[in-house]
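# Breakdown of the fold
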Amino acid sequence: MSKIKTYALMLSEVFPKTHSKAGIPTGFKIKFALGQGCPDCDKPQDLSGVNISDCNGCVNACSIPKLHTIRANYPLWEKRIKEVQDGHAVLSIRQWSRSKQVEIARLTAENGIGIQKLRIYEHEPFPVVYADRYTTPVDWQELANNDGLSLNDWREWFKGYDLSKPMPIIHFTKFRY
């Protein structure tokens, strides 16, 4: 039997130095937990993405869940996610804490993780965004929110990226565009 690989995926605890909110907490850890299920009660999440939270009475009901992350280097992440989906690897979601990595969750194919190819095309007045296919554009606001950010924060976060190259949307649940 072959050994299961572990791929670490870091979630930023604070906004990066290049962002106007540099050093301010992102809340990604709690937003990630919300995408998996309410951390304050036992209400299950609807992983289809239709009804994100049924627990309207709890303090986290108004938070934006982090259903995915977007990275550079699509070919690398495509290979890794396929290994997870095939049962040969796990995805370790982590955050830095006092100069060491702390695992938040360990995801497998059973969690519904997946990948979609994000393509962004510059058009005036706003860019057009596609996930996998070129038939229906993805709504910018929905993409940013599902990444755990406001639209303005998302655009500022990715301002230094080469948006002409496809990027992976790494899904933490069964939700897809």
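Anything mentioned here points back to the structure above.
Scope of this entry: the structure provided in the associated data block.

## A short note on the sheet that holds strand β3 (residues 89-97)
Read from one edge to the other, the open sheet built from three strands follows the order β1-β3-β4, with strand pairing classed as mixed. Of all the strands in the sheet, just β1 (5-10) and β4 (100-107) have a single pairing partner and so form its edges. Neighbour-to-neighbour, the strand axes of the sheet open up by a mean angle of 35°, direction not taken into account. Summarising the sheet, β1 and β3 pair through six bridges and their orientation is parallel. By the bridge assignment for β3, L9 is matched with I93. Contacts from helix α1 (residues 28-36) reach β3 and β4 within the one sheet, and its direction differs from that of β4 by about 10°.

## Let's talk about the sheet that holds strand β5 (residues 114-121)
The strand order across the open sheet built from four strands is β2-β7-β5-β6, with neighbouring strands paired in antiparallel fashion. Looking along the sheet, the strands with just one partner apiece sit at the ends: β2 (68-70) and β6 (128-131). For this sheet, the mean angle separating the axes of adjacent strands, direction not counted, is 25°. When β5 meets β6, the two strands line up antiparallel, connected through four bridges. Across the sheet, R119 pairs through a bridge with Y130, a residue of β6. Against the sheet, helix α2 (residues 74-85) contacts β5 and β7 (167-171), and its axis sits at roughly 160° relative to β5.

Calculation criteria
Residues numbered from 1 in each chain as written. Predicted model: local features only at pLDDT ≥ 70, side-chain atom pairs only at ≥ 80, totals over all residues. Heavy atoms only, no water. Pairing = 2+ DSSP bridges. Helix = DSSP H or I, 4+ residues; strand = E, 2+ residues; numbered from the N terminus. Axes fitted to C-alpha atoms, helices over the stretch in contact; angles between N-to-C directions. Contact = heavy atoms within 4.5 Å.

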